[in-house]
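Observations on the model geometry
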Amino acid sequence: MTTSSDVIDDAPRANDDGTPLPAATLGGEKKGTLEQLTLLLFITVPFLALLAAVPLAWSWGGVSWLDLGLLVFFYYLGCHGVTIGYHRYFTHGSFKAKRPLRIAIAIAGSMAVEGPLVRWVADHRKHHKFSDAEGDPHSPWRYGETVPALIKGLWWAHIAWMFDEERTPQDKYAPDLIKDRTIRAISRQFIFWTMLSLALPPLIGGLATMSWWGAFTGFFWGSLVRVALLHHVTWSINSICHAVGKRPFKSRDRSGNVWWLAILSCGESWHNLHHADPTSARHGVMRGQLDSSARIIRWCEQLGWAYDVRWPSRSRIDSRRISGPDGSQPRKESAEAA
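Residues numbered from 1 in each chain as written. Predicted model: local features only at pLDDT ≥ 70, side-chain atom pairs only at ≥ 80, totals over all residues. Heavy atoms only, no water.

1. A few points about the pattern of salt bridges
In the structure shown here, the tally under the stated rule is 10 salt bridges. Taking the shortest distance from any N to any O, the salt bridge between K96 and D308 comes out at 3.4 Å. You can see K96 sitting in strand β1 (residues 96-97) and its partner D308 sitting in the loop between β2 (306-307) and α14 (314-319), a full 212 residues away along the chain. K96 sits in the partly exposed class, given a relative accessible area of 33%. The closest approach of N and O atoms between R298 and E301, which form a salt bridge, is 3.1 Å. A residue pair is termed a helical-turn pair when its members lie 3 or 4 positions apart in one helix, as R298 and E301 do in helix α13 (residues 292-302) at three residues. For R298, a relative accessible area of 19% corresponds to the buried category. Salt bridges linked by common partners bring R88, E268 and D291 together as one network. (Salt bridge = Lys/Arg side-chain N within 4 Å of Asp/Glu carboxyl O. Helix = DSSP H or I, 4+ residues; strand = E, 2+ residues; numbered from the N terminus. Buried < 20%, exposed > 50% of the residue type's maximum accessible area, 1.4 Å probe, protein only.)

So this is what it looks like as structure tokens:
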């Protein structure tokens, strides 16, 4: 697995024989009108469902255990697909994976409806290269540090950056993934995985209740509300976690730890450590910092599906801590094993 450090700064733009790398997705370096409209559709429809969730649940007499189960299961399937697959594995090379696991987490991440795998990885590698500086695709500090500028920047980092006409060059930031035919195919098939992700909850709900109403509520809660909630939690890592939160570790940006997002983000909101040590397989390294993604990686390692996992050592963690005003280290908290 090629890590981001291998490909970010001086990535090849052609194969070893000089032929161009194959495109990971259709289209050029600019986002087309159809792509922009499709993106708008995938963002607004689930969001409207999320806004309607509470009043509709009230009028429907609550949410059934089946619908709640569908929402939770598919939420955490997609969330871990993104955090373990898209992020820690494909973007940063935090561990190596046997091919079945590699394919499984690529598909699980695609079912989060957050965009094609290769594009997601390219955008995120570019973010790390320019984090909170000029060139960062989604820094909340883009417009300055005044309150109005930060409000505008938070909107940009949360949603608006996705509608920027410029597209991150995938052959520069993700050539390793483009060269893998299977991963390139999964990335190209993003619409299929999206449709499957949206279709499974109503299918299960309809079959379990043997009713169209069960299919409808399964679609509403397990598809639309689930996707909207996961979207906004993921986007909050770009916006909120780069604007607020504690910063116990050295990083060249403004990434912070936001504890109240930890469970919903599967451990991604321990964002300060991640930017201080991007290839670490565990982001929540202090006592009490829940990181379900690291726990699942540990299980995969124990089963032999994952190997060469980059677990953070105590010395590595301590070397990244911020010194106190007098040059002393702050009180050390024990690094929990995943």
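2. Brief notes about the environment of A243
Checked against the element boundaries, A243 lands in the loop between α11 (212-239) and α12 (271-276). Counting along the chain gives 102 residues from A243 to W141, while the straight-line C-alpha distance between them is 7.8 Å. Residues in contact with A243, not counting those within four places in the same chain, are P140, W141, L150, L154 and R254. (Contact = heavy atoms within 4.5 Å.)

3. Observations regarding the packing of helix α3 (residues 65-91) against helix α5 (residues 117-129)
Put simply, α3 and α5 touch, their axes get as near as 10 Å, and they point 60 degrees apart. The orientation of α3 relative to α5 falls into the category oblique. In this structure, α3 meets α5 at a crossing whose hand is right-handed. Together, V82, Y86, H87, F90 and T91 of α3 and L117, W120, V121, H124, R125 and H128 of α5 make up the contact between the two elements. When grouped by side-chain class, the residues that make up the contact of α3 with α5 number six nonpolar, four polar and one charged. (Axes fitted to C-alpha atoms, helices over the stretch in contact; angles between N-to-C directions. Parallel < 35°, antiparallel > 145°, perpendicular 65-115°, else oblique. Left-handed = near helix turned anticlockwise from the far one by under 90°. Nonpolar A, V, L, I, M, F, W, Y, C, P; charged D, E, K, R; others polar.)

4. With respect to the confidence of the model for the protein
Confidence along the protein averages 84 in pLDDT terms, with 80% of residues attaining 70 or more. Low pLDDT (under 50) marks residues 324-329, which in the prediction has six contacts with non-local residues, meaning those over four places away or in another chain. In the model, residues 332-338 has pLDDT below 50 throughout and makes 25 contacts with residues more than four positions away in sequence or in other chains. (pLDDT = per-residue confidence, 0-100.)

5. With respect to the packing of aromatic side chains
The full count for this structure, using the stated rule, is nine aromatic pairs. Residues Y89 and F90 carry aromatic rings whose centres are separated by 4.7 Å and whose planes lie at 75 degrees to one another, so their mutual orientation is edge-to-face. With a relative accessible area of 2%, Y89 lands in the buried category. Each ring, one from F192 and one from W193, has its centre 4.8 Å from the other, and the planes form 70 degrees; the classification is edge-to-face. With a relative accessible area of 11%, W193 lands in the buried category. (Phe/Tyr/Trp six-rings, centres within 6.5 Å; stacked < 30°, edge-to-face > 60°.)

6. Topic: α5
Between its first and last C-alpha, α5 extends 18 Å over 13 residues, near the 18 Å set by a 1.5 Å rise per residue. Of all 13 residues in α5, 12 are buried, a share of seventy percent or more. Of all the positions in α5, only L117, V118, R119, W120, V121, A122, D123, H124, R125, K126, H127 and H128 are classed as buried. (Expected span 1.5 Å × (residues − 1).)

7. Things to note about the nonpolar core
F90, F95, L101, L117, V121, L177 and I183 are the most contacted members of the largest nonpolar core, which has 39 residues in total. For this core, the secondary structure elements donating two or more residues are α3, α4 (99-110), α5, α8 (175-178), α9 (181-188), α11 and α13. With seven residues, the top contributor of residues to this core is α3. Residue contacts for I183: discarding those within four places in its chain leaves F90, R102, A106, L117 and L177. (Core = buried A, V, L, I, M, F, W, Y, C linked by side-chain atoms within 4.5 Å.)

8. Some points on the packing of α3 against helix α10 (residues 190-209)
Contact geometry of α3 with α10 gives a least axis separation of 10 Å together with a crossing angle of 150 degrees. Between α3 and α10, the angle falls in the class roughly antiparallel. Here α3 runs over α10; the crossing is right-handed. Contacts between α3 and α10 involve L66, L70 and F74 on the former and, on the latter, L200, P201, I204, G205, A208 and T209.

9. Digging into unusual backbone geometry
Even without being glycine, M210 reaches a positive phi, approximately 55 degrees. Along the chain, M210 turns up in the loop between α10 and α11. Residue classification places M210 among the exposed residues on the basis of a relative accessible area of 68%. Non-glycine residue C266 carries a positive phi angle of around 60 degrees. Structurally, C266 can be placed in the loop between α11 and α12.

10. Let's talk about a nonpolar patch on the surface
Where nonpolar side chains cluster on the molecular surface, the patch consists of V63, W65, L68 and V72 and spans about 420 Å² of accessible area. With respect to the secondary-structure elements, W65 resides in helix α3. For W65, a relative accessible area of 76% puts it in the exposed group. (Patch = residues over 30% accessible without salt bridge, like charges linked within 9 Å, V, L, I, M, F, W, Y side chains within 5 Å. Areas by Shrake-Rupley, 256 points an atom, 1.4 Å probe, with all protein chains shown as cover.)

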